[in-house]
Amino acid sequence: MPIDTPKPVTQFGPDFPFAFDDWISHPAGLGQIPAARYGQEVAIVGAGMAGMVAAYELMKLGLKPVIYEASRMGGRLRSQRFEGTHDVVAELGGMRFPLSGTAFFHYVHTLGLKTRPFPNPLTPASGSTVIDLEGNTHYAESLQDLPPLFQEVANAWAEALETDARFSDMQRAIRERDVPALKALWNVLVPLWDDRTFYDFVATSSAFSKLSFAHREVFGQVGFGTGGWDSDFPNSMLEILRVVITSCDDNQHLIVGGSEQVPHGLWRHAPERLVHWPLGTTLERLHAGATRPGVTGIVRDSDGQLVVTDTWGTQRRYAAVLTTCQSWLLTTQIACDEALFSQKMWMALDRTRYMQSSKTFVMVDRPFWKDKDPQTGRDVMSMTLTDRLTRGTYLFDNGPDKPGVICLSYAWMGDALKMLPQSVDKRVRLALKALKQIYPKVDIASHIIGDPICVSWEADPHFLGAFKGALPGHYRYNQRMYSHFMQDQFPEAQKGIFIAGDDVSWTPAWVEGAVQTSLNAVWGILHHLGGSTHPVNPGPGDVFDAIGPLKLED
């Protein structure tokens, strides 16, 4: 008899358990707009993943998206190629994508892109892992190879989630897409945990409180899944719980050749089904080959139209505008008419907290880390987690006929700020010095070819940080931002401008959040322009009142 395969965990809820993957793949399509609207221009501010998904889907509906981009297409899906190569890249932004992000992978598969498992710690893809803490170095190919303290930490984390958050019950509801069960579990936690930090959860849970401070310290430095968690310790525990119950930190893949191929692919891809536009139409063709410049102003004209001004002073008028840039840019880079948002929305947009992130990459002549130490028989170098300056070091084998890539350092928050004033060469030298303490017999520098590649997202005026990290008490702000696409009750002065992006979502730093909020905005624009969804395929706005996020009292 065939064995029943468990349904996968996906990023289905928990705040808004709507099946975005089903909506976008339904043969009935996302909806229709009045024929009089065919070809009407809609402004999209930002050509990252959120902007490109919205533009792609709006084009399929018969509208004409007009994309503005101040920096480079792809946003924080930024794959920078090493000089002289075609597809050997440094992933400066998003680099690991959980398979639970099914709406994102819908577009990956539509474009026919290849993926492979990401070399996270203690996974088969990494081969081996070295954990270096307080000067003690541990080599492991699985968790069982580490000292008992590490297993105790892993067990405590699992026990804390199960005991305090009913982890298994929540994941079961997500697997089954049981909306009533999931909402019943999640909505109880929201008011109880809104003011709770991640660290408070760890420190006060019955599972960790019976262990030593050293256990909590190891959890912060090393963690489980994608690595250390201590940069997130000040964040809201609700945000962390969303990540783990939807398996964002598990079963992650990379995009072979670079994640930037996804937004670039949507730019050039001709959908099989289009309304109004002839077959073969692409976003690239609608734009005559290039996006418009960055946006410097958005105001409401006297006739109700939204006027968008670009870098060079050109003004265009639109019935709807979608901004996908990080929310702080609406006050620092774009002269945005204050009346376009309520004061409560401005509070939410301005109180968004962004986390810093830095990465330092080098290209090497070959994946030398697979060489075996003749004395120990172990890999000479491994995926590395440490309390030293580098924090996380990742190794990318591109095959026997291509150079390898090492992410020497991937650091967040305070660790990223230590890198901010340093030159590229200094960053590489600092990383090599730290790694030399862990691998004294390995001459990493002798394998480096080409020029290093670095990023500090907080130093980029078009981002001002890598991604949102919601603090305790921020639930109300997130609820306002996420729900903003539902505009029927808005005054006329606030209608027609929409927001999307992972910082609008409940799961910042994960591209699935950018995709889902973009699709919310597509529904909002469709509705705003007098369109509707098909009865057999209701959209997010059609069911929002029934299953939308819990609204806490102010």
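Residues numbered from 1 in each chain as written. Predicted model: local features only at pLDDT ≥ 70, side-chain atom pairs only at ≥ 80, totals over all residues. Heavy atoms only, no water.

Describing empty space enclosed by the protein
The condition that has to hold: Put plainly, a pocket is an open set of points on a 1 Å grid over the protein atoms alone with protein on both sides within 12 Å along at least five of seven lines, a cavity is a set where a 1.4 Å probe fits but cannot get out, and a lining residue has an atom within 4 Å of a point. Grid points are joined across faces, edges and corners, and a volume is the space filled by probe spheres set on the points. A helix here means a DSSP run of H or I that spans at least four residues, while a strand means a run of E at least two residues long, and both kinds are numbered starting from the N terminus. Residues are grouped as follows: Ala, Val, Leu, Ile, Met, Phe, Trp, Tyr, Cys and Pro are nonpolar; Asp, Glu, Lys and Arg are charged; all remaining types, including Gly, are polar.
A complete count under the given rule lists 7 cavities of 30 Å³ or more for this structure. Size it by volume and the largest cavity reaches roughly 130 Å³. Top contributing element to the lining of the largest cavity by residue count: helix H18 (residues 511-528), with 3 residues. The class makeup of the residues in the lining of the largest cavity is 5 nonpolar, 7 polar and 3 charged.

Some words on the pairing of strand E1 (residues 41-45)
Defined as follows: With a 1.4 Å probe rolled over the protein chains alone, any residue whose accessible area is under 20% of its type maximum counts as buried; one over 50% counts as exposed, and the rest are partly exposed. Pairing between strands is defined by DSSP: at least two bridges between the two strands are required. A right-handed crossover is one whose linking path, passing over the helix from the first strand to the second, runs clockwise when the strands point away from the viewer.
E1 sits mainly inside the fold: 4 of its 5 residues count as buried. Where E1 lies against strand E2 (residues 64-68), 5 bridges are found, and the strand directions are parallel. Bridge assignment links Ile44 to a residue of E2, and that residue is Ile67. For the crossover from E1 across helix H2 (residues 49-60) to E2, the handedness is right-handed. Sheet topology note: the E1/strand E13 (residues 321-323) ladder contains 3 bridges and is parallel. If you follow Val45 over to E13, its bridge partner there is Thr323.

Some details on the packing of aromatic side chains
Aromatic ring pairs are described here by two measures, namely the spacing of the ring centres and the angle between the planes. Our working definition: Under the pairing criterion, centres of Phe, Tyr and Trp rings, with the six-membered ring standing for Trp, must be within 6.5 Å; the plane angle then separates stacked pairs below 30 degrees from edge-to-face pairs above 60, leaving the rest tilted. Two limits define a charge over a ring: the Lys NZ or Arg CZ must be within 6 Å of the ring centre, and within 35 degrees of the ring normal.
Evaluated as defined, the whole model comprises 34 aromatic pairs. Taking the centre distance of 6.4 Å and the plane angle of 25° together, the rings of Phe219 and Phe233 count as stacked. Highlighted residues: Phe219 in helix H9 (residues 213-221) and Phe233 in the loop between H9 and helix H10 (237-245), separated in sequence by 14 residues. We classify Phe219 as buried; its relative accessible area is 0%. The class of Phe233 is buried, set by a relative accessible area of 12%. Between Phe368 and Trp369, the ring centres sit 5.7 Å apart and the planes meet at 65°, which makes this aromatic pair edge-to-face. Across the pair, exposure class does not vary: Phe368 and Trp369 are buried alike. Put simply, the rings of Phe16, Phe18, Phe20, Trp23, Tyr475, Tyr482, Phe485, Trp506, Trp523 and Phe544 pair up and form one aromatic cluster. Residue placement shows Arg196 over the ring face of Trp193; its charged tip is 5.1 Å from the ring centre. We note Lys359 situated over the ring of Tyr410; from NZ or CZ to the ring centre the distance is 4.6 Å.

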